[in-house]
Each structure stands twice: as C-alpha cells, then as structure tokens.
Amino acid sequence: MTEPSAGRCSLAPGRILPHLDASLVPPAGLAVAGSVGRPEPDSASVTRLAIDGSCVVIDPAPPRTLLEAVKEPLGDPQGAHDQMVPERWLQKAEPATIPSLWVLKRAHVFGGRITARSVESCEGGAPVEGHNGGQLLLTADGDMLPASYGVLDGNNSIATDYLTLTPSGLQINQTPDSRELKGSYYFLGNVHRHFGHNLVEGVSRTWALDLINEVLRSEMAFLVFEPDLAEHSIALLELAGVPKERITHASAHDVVEHLIVPDMAMRTHRWITRLQEKVWRTMAATTQPAAPHRKVFLSRSAHGQRPLTNEADVEAYFQKAGYEIVQPEKLPVIEQVSLAAESISLAGCVGSQMYLAAFQSPGAHNLIVGPRNFYLKDDVLIHQTTGAKLEVVLGSPIDLKASKFDRAWGVSMAEVEKAMSAVNKTLSARDARTVLR
C-alpha cells in the first residue's frame, strides 16, 4: 500500500494552521453500524460524521469513601499537580465532548514516538503542552483537527518538532519529504508502551470499527504513529478488533489517500463516554470469560515503583478475606482481561493494574488504596462507566521529587478494614441473591 514520493508537502514553513472542530464542520450525516465506506472521488477532503449524543457520560460523582478521605487537609502536596490531588480535581468538571468520525482524503500524518514533554508559551498567550518525537495529523489543506494533537495524560499536546506556538496561532516550521500511502487506513494514533495508558488512551479510537462497512473493513489497514509497538499493545489492539498483520507504522511524513479518524472516546483524568465502555466490552467478550465469581488482589509487589511500606500486611489481610493474590504483569494480556471480567471484586494499590476494572461486569465492588497526593480521576471514570462500585482509601503522601522507586508510602489497616466492610455487604447480598435463584 506504500509508494515513495519524491515531492515535498505543499505546506510551506511559516504557515499558520487553522483549527477545525465539530462546531465548524456541519455533519454530512449520522454514522451508524456498517454505514462508512470509501469516499466518492468528488467528495470533500474533510467530511465529518456525527455520532448519537446519547453516548455521553456526565462527569461522575466520586465514591463516598473518597469524599471522606479528603476531609482531612493535605498540607504540602509535595509537587503534585491538580490532577493528582482529589480535592482539586473534585472541584473541576469538564463536560464530555461527543466524539465525531472524520473521513479525510490525502491527510498528512507525521509519525514518531513522544520522547520529551514541555510547556510552550508565547507572549500574551496561555501556555500549552508540547512534546518532541513527531505525532501530528493535518488535513490535505493543512487544517488541524482534534486528532492533530498528541495524546498523553489527557492533554492536547502540540508536536514541537513541527509546530511553533506564535501570537497568531500554531505555525508549521518544517515539512519533511513525504511517503504516499495508497488505499484506506483507520487512524489509531498514539498507542502507548505504558500498559495503563494503553488501556485507556491506546485503544480509545477503536470504538468506530463497527461503523465501517464490511468491504472496507476487510481491506483497510490501521495506522499508528510509533515505529514499533510493545507486545502488550499489540495484544490489547487485537482484542479490540485490530489484526496485527494489518498495522502500519507511520513514517516521518505520510500522505494518506483515505484516512478514517475517530475522535477519542475519553480524555484521561477528565471525562469519559459510553463509546469507551463499548471498546472495553468488546475486548472482554473476545476473551470468552466465565461468569463473574472471583475475588482478586492485583499486587504490585514485583513492580517496585511507589512501594507500599506495609504491603505484606495489606496482602495478608486480603488473602485471609478470600482474595487471590495475583501479579498481573506475569500473565498474558488475554488472561489479565479474562481475570478481570471474571471478578466480582478487585483490590489493590492505585496503578495501571487497577485499570483492568474496565473489563468487569456491572455490580462488581472494588477497593483501591493510594497515596494521599497520587490519586487521579481515572479509576472513578472507569467505575462509573462500567457500573461497578468503588471504595477508596488514601494513605500517606509520597515525595514526588524522589525517584519512582523511592516514593514510599503507607496506609492505615483500620481504614482498609472499614472500607472492606462496605465491599463485604455488597458481596454478601450478591451471594444471597444467587442462593435464591
């Protein structure tokens, strides 16, 4: 599907790039299952298809135990930013954006891997997130879309290799020689090597796969920014419906004949939509799990980062309470997903492994412990979306200036036991209903 091109992009360095959002592009129609095919030869270079707005999830209310935990003043947050401190993100609520599906002709894709992050600013303007390593998408006319930004931690990050922030807007500063990609491609964008980000951001654009008609779906390739992918990334994408043999890695600059671009279905640390839940349900069903029945403590004991000083006591408590103690990173990805889908209760320290709760069925009841100044919104978003209950216990703060392996913290066993009593009530009621059946 690829052909080399001797030419250069028509985007001249120094050009200010306009930004197109959904409010500026009237929809050409409503995308429904099996309705999206190859564009007609005389169709516009940018087409936006609308999505049923009922997919939106309102910013969720936090669990009771989290509200109780933040009643005590934090004091020095020790370098934590607003997204890490619950009482700060509890005061902010960003409305979810209804995703659109964009169909582009001769789109410009600048591949690469994010290697560094920065804060970009210019005189008189608000600072914006920036990153090195490529990862930029432009329309044939050089317009920016929601998918033009880098995706990491939910920030709209600009590719500073190619863009400069000026008082007049974003300016392109280089246009490498391009490669022609003939045929149809489905844009996956940034597929993270970090397991947790992969679970929330890396698979987020796969929600639109069932909107593609059968003929196009059988022949299209999938375009990712990075030059290679981690094994777990490939495994998660396959569960979401992406055949690994059809994954194409973007070059420094590709001109893509036909590109299908879904917006993100969630914005990490901020909001989530039912389309993200749709992705996770698809992935869980692919593993063909047994009916939920397991109680599992997802241990980080082999991880080393953010060490819990009384981890042995915490694990012993949950083991006595009938939980399996599992180090999930030692299992194949498909087994991790299946384990979560089969669990009526997951417990563990805050971290990527707890994002496996995304694959649980409604009615589960989980418990997470975390440092006082390192508890982000994503667990709450996941649980509100999947219909699971969540108990949160916050321990001591961590020193965010120390290395990740020296950020030790502790948690009160009395607080863990208190939160566990609420979980036990749910599980006991569930057992009673099972007996009555």
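Before reading further, recall that the structure is shown in the block above.
**Q** Would you mind showing me how to read the packing of helix 3 (residues 195-202) against helix 5 (residues 231-239) here?
**A** Working note: a packed helix pair is described by the angle between its axes plus the distance between those axes. It is the contact of helix 3 with helix 5, at a shortest axis distance of 10 Å, that shows an interaxial angle of 30 degrees. Comparing their axes, helix 5 and helix 3 come out roughly parallel. In this structure, the crossing between helix 3 and helix 5 has a hand that is right-handed. Facing Phe 195, Asn 198, Leu 199 and Gly 202 of helix 3, the residues of helix 5 in contact are His 232, Ser 233, Leu 236 and Leu 237. The residue inventory of the contact of helix 3 with helix 5, partitioned by class, reads four nonpolar, four polar and no charged.

**Q** Would you take a moment to explain the pattern of salt bridges for this structure?
**A** Working definition: two side chains of opposite charge can pair if their charged atoms are close together. As enumerated under the stated definition, the model contains 17 salt bridges in all. Through salt bridges with shared partners, one network takes in Arg 64, Glu 68 and Glu 391.

**Q** What exactly am I supposed to notice about the sheet that holds strand 5 (residues 116-120) here?
**A** Each strand in a sheet pairs with another by means of backbone hydrogen bonds, the pair being arranged parallel or else antiparallel. Ordered by their spatial adjacency, four strands build an open sheet running 5-6-9-8, and the pairing between neighbours is mixed. Every other strand in the sheet has two partners, leaving strand 5 and strand 8 (150-152) as the edge strands with one partner each. Averaged over all neighbouring strand pairs, the angle between strand axes comes to 45 degrees, with direction disregarded. Where strand 8 lies against strand 9 (residues 155-159), three bridges are found, and the strand directions are antiparallel. If you follow Gly 150 over to strand 9, its bridge partner there is Ser 157.

Parameters and conventions
- Here, residues in each chain are numbered from 1, in the same order as that chain's written sequence.
- The predicted nature of this model means local features are confined to residues of pLDDT at least 70 and side-chain atom pairs, given and counted, to a pLDDT of 80 or more, with totals for whole chains, interfaces and linings taken over all residues.
- The side-chain figures draw on all heavy atoms in the structure; neither hydrogens nor water molecules are used.
- Between N-to-C directions, angles cover 0 to 180 degrees, with each direction set by a line fitted to C-alpha atoms, over the stretch in contact for helices.
- A helix here means a DSSP run of H or I that spans at least four residues, while a strand means a run of E at least two residues long, and both kinds are numbered starting from the N terminus.
- Note that the term roughly parallel is reserved for angles under 35 degrees, roughly antiparallel for angles over 145, roughly perpendicular for angles of 65 to 115, and oblique for everything else.
- Left-handed describes a crossing in which the near helix is turned anticlockwise from the far one by less than a right angle; the clockwise case is right-handed.
- Throughout, a residue-residue contact means that at least one pair of heavy atoms, one from each residue, lies within 4.5 Å.
- Residues are grouped as follows: Ala, Val, Leu, Ile, Met, Phe, Trp, Tyr, Cys and Pro are nonpolar; Asp, Glu, Lys and Arg are charged; all remaining types, including Gly, are polar.
- We count a salt bridge whenever a side-chain nitrogen from Lys or Arg sits within 4 Å of a carboxyl oxygen from Asp or Glu.
- Pairing between strands is defined by DSSP: at least two bridges between the two strands are required.

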